[in-house]
Amino acid sequence: MPARPQLSRERVIEAAVAVADERGVAAVSMRNVATQLGVEAMSLYHHVANKDAILDGTVDAVFAEIELPDPELDWRTAMRRRAGSARETLARHSWALGLMESRRTTGPATLRHHDAVLGCLRGAGFSTAGAVHAVSVIDSYVYGFTLQERQLPFEAVDEAAGELAERLAEGSYPHLRETAVAQAQRAGYTPAEEFAFGFELILDALERLLSR
């Protein structure tokens, strides 16, 4: 029988992320994480202080998965890639949305991430206040869009729009029906297109802020 890998803080956090991915963040407990690892709960205390420390670690692990802005790229491209990476990461770990900005103990990956984002914007010429405004509006959009996307009760937008169009009688809710019919005819349309469209509007607005 192969020897069990040595327990470490990293393995504890990885197990906690796995529990959250499978069962939601409410299921993250010392006992459940220990079970995931096949050990006794008490053994975790050699590596993490308590459940709060585990939650702090899971948030830091999520931030570590988000692509850092590349200093070799222009700021718009860097922010676009970072936003796309954040959206994809939060789709994998949807439970993290409620924790990302709520933890008081910030880990090294989180600090590195925020520093890199601010550094990219400052390097592009944004003032300190302008960089803060930019991060605030970008993250609000990414988090809000991801949350909305997660709540959608369908996968194919065109199919859902077609079903809605069929339910709406001719002459009732004319603008909604018109839009539903148009969307139903856009085969292959995905929320990713909507995300990109909205994000470009934000970048355009920030470009104007930068040029003032």
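Residue indices follow the written sequence of each chain, beginning from 1 at its first position. Totals for whole chains, interfaces and linings use all residues, but because this is a predicted model, local features are given only for residues with pLDDT of at least 70 and pairs of side-chain atoms are given and counted only at 80 or more. Remark: hydrogens and water are excluded; side-chain values derive from all non-hydrogen atoms of the structure.

Draft legend 1. Expanded view of the layout of surface pockets. Of the two site types, the cavity is a set of points on a 1 Å grid over the protein atoms alone where a 1.4 Å probe fits but cannot get out, and the pocket is an open set with protein on both sides within 12 Å along at least five of seven lines, each lined by residues with an atom within 4 Å of a point. Grid points are joined across faces, edges and corners, and a volume is the space filled by probe spheres set on the points. By volume, the second largest pocket is sized at about 170 Å³. Taken together, Arg9, Glu10, Ile13, Glu14, Gly57, Asp60, Ala61, Ala64, Pro108, Ala109 and Arg112 make up the lining of the second largest pocket. Of all elements in the fold, only helix 1 (9–23), helix 3 (51–65) and helix 5 (108–123) reach the threshold of two or more residues within the lining of the second largest pocket. Classifying every residue of the lining of the second largest pocket by side-chain character gives 5 nonpolar, 1 polar and 5 charged. Helix and strand definitions here come from DSSP, where helices need a minimum of 4 consecutive H or I residues and strands a minimum of 2 consecutive E residues; each element is numbered from the N-terminal end. By the convention adopted, Pro, Cys, Tyr, Trp, Phe, Met, Ile, Leu, Val and Ala count as nonpolar, Lys, Arg, Asp and Glu as charged, and the other residues, Gly among them, as polar.

Draft legend 2. Broad picture of the side chain of aspartate 139. By secondary structure assignment, the location of aspartate 139 is in helix 6 (residues 128–151). Relative accessibility decides the category of a residue: with a 1.4 Å probe and only protein chains considered, values under 20% of the type maximum give buried, values over 50% give exposed, and everything between is partly exposed. The buried category is assigned to aspartate 139, whose relative accessible area is 8%. A polar contact is formed between the side chain of aspartate 139 and the side chain of arginine 82, at a distance of 2.6 Å. In this description, contact between two residues means that some pair of their heavy atoms is separated by no more than 4.5 Å. Among all residues touching aspartate 139, those that are not within four sequence positions of it are Arg82, Glu101 and Gly144. By the criterion applied in these results, polar contacts are pairs of N or O atoms within 3.5 Å in which, for protein atoms, one can donate a hydrogen and the other can accept it, and in which residues neighboring in sequence qualify only through two side-chain atoms.

Draft legend 3. The arrangement of helix 4 (residues 75–92) in detail. In this scheme, a helix's expected span is set at 1.5 Å multiplied by one less than its residue total. An ideal rise of 1.5 Å per residue puts 26 Å on 18 residues; helix 4 measures up with 26 Å between its terminal C-alpha atoms. Looking at helix 4, one finds that the buried residues are Trp75, Arg76, Ala78, Met79, Arg82, Ala83, Ser85, Ala86, Arg87, Thr89 and Leu90. Structurally, helix 4 contributes buried residues whose contacts are with helix 3, helix 5, helix 6 and helix 9 (191–211).

Draft legend 4. Structural view of the packing of aromatic side chains. Only centres within 6.5 Å qualify two rings of Phe, Tyr or Trp (six-membered ring in Trp) as a pair; their planes then separate them into stacked at under 30 degrees, edge-to-face at over 60, and tilted for everything else. The final tally for this structure, using the stated rule, is 6 aromatic pairs. Geometrically, the ring pair formed by tyrosine 141 and phenylalanine 199 is tilted, given 6.3 Å between the ring centres and 35 degrees between the ring planes. With a gap of 58 residues between them, tyrosine 141 in helix 6 and phenylalanine 199 in helix 9 connect regions that are remote in the sequence. We note that tyrosine 141, like phenylalanine 199, is buried. An aromatic cluster is defined as three or more aromatic residues linked by ring pairs; in this entry it consists of Tyr141, Phe145, Phe195 and Phe199. Over the ring of phenylalanine 195 we find arginine 87, and its NZ or CZ is 5.2 Å from the ring centre. By definition, being over a ring means that NZ of Lys or CZ of Arg is both within 6 Å of the ring centre and within 35 degrees of the ring normal.

Draft legend 5. Up close: the packing of helix 4 against helix 9. At a closest axis distance of 11 Å, the pairing of helix 4 and helix 9 adopts a crossing angle of 145 degrees. Viewed along their axes, helix 4 and helix 9 form a crossing whose handedness is right-handed. Counted together, Trp75, Arg76, Met79, Arg80, Ala83, Gly84 and Arg87 of helix 4 and Pro191, Ala192, Phe195, Phe199, Glu200, Leu203, Asp204, Leu206, Glu207 and Leu210 of helix 9 form the full contact between these two elements. An axis is simply a line fitted to the C-alpha atoms; with a helix, the fit covers only the stretch in contact. Between two such axes, the angle follows the N-to-C directions and lies from 0 to 180 degrees. With the far helix as reference, a near helix turned anticlockwise by less than a right angle produces a left-handed crossing, and one turned clockwise produces a right-handed crossing.

Draft legend 6. Here's a closer look at the pattern of salt bridges. By definition, a salt bridge exists where a carboxyl oxygen of Asp or Glu is found within 4 Å of a side-chain nitrogen of Lys or Arg. Taken as a whole and assessed by the stated rule, the structure comprises 10 salt bridges. Arginine 103 is the partner of aspartate 52 in a salt bridge, and the nearest nitrogen-oxygen pair spans 3.2 Å. With aspartate 52 in helix 3 and arginine 103 in the loop between helix 4 and helix 5, the pair connects residues that are 51 residues apart, well separated along the chain. Taking the relative accessible area as the measure of exposure, aspartate 52 reaches 45% and is therefore partly exposed. We classify arginine 103 as partly exposed; its relative accessible area is 23%. Note that glutamate 149 and arginine 87 form a salt bridge whose closest N and O atoms lie 2.8 Å from each other. Placement of the pair is glutamate 149 in helix 6 and arginine 87 in helix 4, with a sequence separation of 62 residues. The exposure class of glutamate 149 is partly exposed, given its relative accessible area of 24%. Exposure remark for arginine 87: the relative accessible area of 14% places this residue in the buried category. Among the ionic contacts, a cluster of salt bridges with common partners joins Arg76, Arg80, Glu200, Asp204 and Glu207.

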